[in-house]
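What follows is the residue order along each chain.
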Amino acid sequence: MTKIQDRTQDLFAAISVSGYYPEIVSGALQDALAGEPAEAFVVHHEPTFDREEIRRHMTVLVLTPSRLLLTHTDEHPGDTLLPKPYTSTSVEAVPLSRVAGVVVTRMVSAATQQLEEALLTISWGAVSRVELEPARCDDPECEAD
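This section reports on the structure supplied with the text. (Residues numbered from 1 in each chain as written. Predicted model: local features only at pLDDT ≥ 70, side-chain atom pairs only at ≥ 80, totals over all residues. Heavy atoms only, no water.)

**Some words on the sheet that holds strand S1 (residues 40–50)**
Working step 1: The four strands are arranged S1-S2-S3-S4 in an open sheet whose pairing can be described as antiparallel. Either end of the sheet is taken by a strand with one partner, and the two such strands are S1 and strand S4 (86–95). In this sheet, neighbouring strand axes are inclined to one another by 15 degrees on average, regardless of whether the strands run parallel or antiparallel.
Working step 2: Summarising the sheet, S1 and strand S2 (residues 53–63) pair through 11 bridges and their orientation is antiparallel. For His 44, the partnering residue across the bridge sits in S2 and is Thr 59.
Working step 3: In this fold helix H2 (residues 22–33) packs onto S2, strand S3 (67–76) and S4, with an angle of close to 155 degrees to the strand it touches most, S3. (Pairing = 2+ DSSP bridges. Helix = DSSP H or I, 4+ residues; strand = E, 2+ residues; numbered from the N terminus. Axes fitted to C-alpha atoms, helices over the stretch in contact; angles between N-to-C directions. Contact = heavy atoms within 4.5 Å.)

Right under this line is the structure:
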């Protein structure tokens, strides 16, 4: 029998280092883990451009002994419901028995043979999946990458 390596503290450290609402993201994951250890994880923080503002969002995937947790946090400007800027966090827990497939797509530059981008696709139903890819800014003056 293989011993499970608990990487929960590493997960929370990676979320903290990202600097993107670490208390909110960690709190949602702490609740979702419900005492299960995190065996592996991916933390993906990505800024997006919304007119003159930068909006950020983060996706965190966590593998536990029984589930795949998919956590996504967005920040929003104030609106009619919440007049001040706010975040929304969703956590989906998928039993490992429901994961139907995993695809990794690699984009490699023909000129340099360097990995430029990788896309992870996980399917757990007819149309449910998550895709992670790195953020890019095509503007050479852009400092958001």
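**Points about the nonpolar core**
In a soluble, globular protein the nonpolar side chains are often hidden away together inside.
Working step 1: Leu 11, Val 25, Leu 29, Val 60 and Val 62 are the most contacted members of the largest nonpolar core, which totals 13 residues.
Working step 2: Those elements that provide at least two residues to this core are helix H1 (8–18), H2 and S2.
Working step 3: Top element by residues in this core is H2. It accounts for four residues.
Working step 4: Beyond its immediate stretch of four places on either side in the chain, Val 25 contacts Ile 15, Tyr 20, Met 58, Val 60 and Thr 73.
Working step 5: Of all hydrophobic cores here, the second largest spans six residues; its members include Leu 61, Leu 68, Val 94 and Ile 122. (Core = buried A, V, L, I, M, F, W, Y, C linked by side-chain atoms within 4.5 Å. Buried < 20%, exposed > 50% of the residue type's maximum accessible area, 1.4 Å probe, protein only.)

**A few points about H2**
Working step 1: With 12 residues, H2 extends 16 Å between its outermost C-alpha atoms, agreeing within 8% with the 16 Å of an ideal straight helix rising 1.5 Å per residue.
Working step 2: The set of residues buried in H2 consists of Pro 22, Val 25, Ser 26, Ala 28, Leu 29, Ala 32 and Leu 33. Projected down its long axis, H2 shows its buried positions confined to an angular sector of 160 degrees, all on one face. Residues of H2 that are exposed and point more than 90 degrees away from the buried face comprise Glu 23 and Asp 31. (Expected span 1.5 Å × (residues − 1). Arc of directions from axis to C-beta.)

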